[in-house]
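# Topology and contacts: notes
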Amino acid sequence: MQRRWWVSRVMLGTMALGTLVLGTAVLLAGCQSLPGWGSDPLRAEPVVKSVHEPDCEGDSCANVNAVYLRFPDSPPLSAELERRLFGLASGLSDSPDGNAIGQATSFDVFADQVFAASRSARRSVPEMPGFEADLKAEVVADHDDLLVIELDGYLYSGGAHGMPLTSYMVIERDTQRVVDLDDMLLPGQRPAYEAALERAHRRWLQTDQASGLSELQWPFTTSDNAAPLNEGLAIKYQVYDLAPYAVGQPTLMIPYAELEGVVKPQYLP
């Protein structure tokens, strides 16, 4: 009789424990579904789009391709990323109605502007190859409450080669605010930043990438296209800024040790 009573207590205890575990799981699942529980406000989803110039056949037709990101929980950031990404094409050409390419705020509008510019070019030069626009946005760093996105574009509008363009988009996680170099610098420290950048340029001149360059022909120039990466503050230049096209897009790196007292502490690791 005692044995049956002991077994019953064990079974009841096991059932109670199972009920407790199940209840805890349900509670956790419910909490995780609440806003802000385990969610990432900067959660990004890929966007892949590609379109060929409509009603056009042959090699003279334009193509537009884009692989970028959107933030489902932050539509304003998604819109800002698109504005900046399509803005890379601002120097490509002018559409017939006078609106500069690169002012678009959606992929479809941007593609229509590229197609209009390509058709206009063909009317002037029938043998003109079709325009090409390839855009990409990807996360290159995620640290210290900062999300860094690199925006890349390759734009061809005739001539010997296309034009690569790169811009950084730095987002503060806690505020979901896009910040630029002026936001990161301490007041009055731009001269110190430019001095550190010039030292980085002198180091770059010693690399294989810069081999044979004449400083007189390609002098140092400053840039605000900066991104706080894991290894230091990266400053990306466009082609022709510091070197001829064949050299590509130089990246100057400033170690964080040189930026103490220059950059605000929250942007230093």
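Just so it is clear, the structure is predicted and the values come from calculations on it, not from any experiment. (Residues numbered from 1 in each chain as written. Predicted model: local features only at pLDDT ≥ 70, side-chain atom pairs only at ≥ 80, totals over all residues. Heavy atoms only, no water.)

### Some words on the overall build of the protein
When you go through the protein residue by residue, the secondary structure sums to five helices and nine strands. For the protein, the sequential pattern of α-helices and β-strands runs α-β-β-α-α-β-β-β-β-α-α-β-β-β. Considering the protein as a whole, with its 269 residues, one finds that 41% of them fall into the buried category. Considering only contacts within the protein whose residues lie at least 6 apart along the sequence, 55% involve residues at least 24 apart. Accessible area of the protein: about 14800 Å², with a carbon and sulfur share of 55%. (Helix = DSSP H or I, 4+ residues; strand = E, 2+ residues; numbered from the N terminus. Buried < 20%, exposed > 50% of the residue type's maximum accessible area, 1.4 Å probe, protein only. Contact = heavy atoms within 4.5 Å. Areas by Shrake-Rupley, 256 points an atom, 1.4 Å probe, with all protein chains shown as cover.)

### What to know about unusual backbone geometry
Of note in this structure, Asp 55 is not a glycine but carries a positive phi near 55°. Assignment of secondary structure puts Asp 55 in the loop between strand 1 (45-52) and strand 2 (63-70). With a relative accessible area of 86%, Asp 55 lands in the exposed category. Positive phi, close to 75°, is recorded for Tyr 240, a residue that is not glycine. According to the relative accessible area criterion, Tyr 240 is partly exposed, its value standing at 40%.

### Looking at the packing of aromatic side chains
This model, assessed by the stated rule, comprises three aromatic pairs. Consider the rings of Tyr 68 and Phe 86, whose centres lie 6.2 Å apart with planes at 80°: the pair is edge-to-face. Here Tyr 68 is found in strand 2, whereas its partner Phe 86 is found in helix 2 (residues 75-87), with 18 residues between them in sequence. Accessibility expressed as a relative area gives 2% for Tyr 68, which makes it buried. A residue is classified by how much of its surface remains accessible, and Phe 86, at 0% relative accessible area, is buried. (Phe/Tyr/Trp six-rings, centres within 6.5 Å; stacked < 30°, edge-to-face > 60°.)

### Re the pattern of salt bridges
In this structure the tally under the stated criterion is 17 salt bridges. The partner of Asp 183 in a salt bridge is Arg 177, and the shortest N-O contact between them spans 3.8 Å. For Arg 177, a relative accessible area of 37% corresponds to the partly exposed category. Across the salt bridge formed by Arg 190 and Asp 224, the nearest N and O atoms sit 3.1 Å from each other. On the criterion of sequence distance, the pair formed by Arg 190 in helix 5 (residues 190-204) and Asp 224 in the loop between helix 5 and strand 7 (226-229) is long-range, its members being 34 residues apart. Assessed through its relative accessible area of 25%, Arg 190 is described here as partly exposed. Bridged by salt links that share partners, the residues Arg 43, Glu 45, Arg 70 and Asp 73 form one connected network. (Salt bridge = Lys/Arg side-chain N within 4 Å of Asp/Glu carboxyl O.)

### Let's talk about the confidence of the model for the protein
Should pLDDT be low for a region, the predicted coordinates there are not to be read in detail. Averaged over every residue, the pLDDT of the protein is 84; residues scoring 70 or more account for 81%. Between residues 1-37, whose pLDDT stays under 50, and residues either more than four places distant or in other chains, the model counts three contacts. pLDDT under 50 marks residues 93-99. Its contacts with residues more than four places away, or in other chains, come to 13 contacts. (pLDDT = per-residue confidence, 0-100.)

### Digging into the sheet that holds strand 1
With respect to topology, six strands assemble into an open sheet ordered 1-2-3-4-5-6, the strand pairing being mixed. The open sheet terminates on both sides in strands that have one partner only, identified here as strand 1 and strand 6 (177-179). In this sheet, adjacent strand axes meet at a mean angle of 25° when their direction is disregarded. Two strands pair when backbone bridges link them, and strand 4 (residues 146-156) and strand 5 (residues 163-172) are joined in this way by ten bridges, in the antiparallel orientation. (Pairing = 2+ DSSP bridges. Axes fitted to C-alpha atoms, helices over the stretch in contact; angles between N-to-C directions.)

### A short note on the state of the cysteines
Summed over the entire model, instances satisfying the criterion amount to one disulfide. Residue pairing for Cys 56: its cysteine sulfur links by disulfide to Cys 61, the two sulfurs lying 2.1 Å apart. Here the S-S torsion is close to -95°, and the disulfide linking Cys 56 with Cys 61 is therefore left-handed. Accessibility assignment for this pair places Cys 56 and Cys 61 in one class, buried. (Disulfide = S-S within 2.5 Å.)

### A closer look at helix 3 (residues 107-124)
In a regular helix each residue adds 1.5 Å, so 18 residues correspond to 26 Å; helix 3 covers 26 Å between its end C-alpha atoms and thus fits that length. Inspection of helix 3 places Phe 107, Phe 110, Ala 111, Gln 113, Val 114, Phe 115, Ala 116, Ala 117, Ser 118, Ala 121 and Arg 122 among the buried residues, and these make up the whole buried set. The inward-facing, buried residues of helix 3 contact strand 1, strand 2, helix 2 and strand 3 (132-143). (Expected span 1.5 Å × (residues − 1).)

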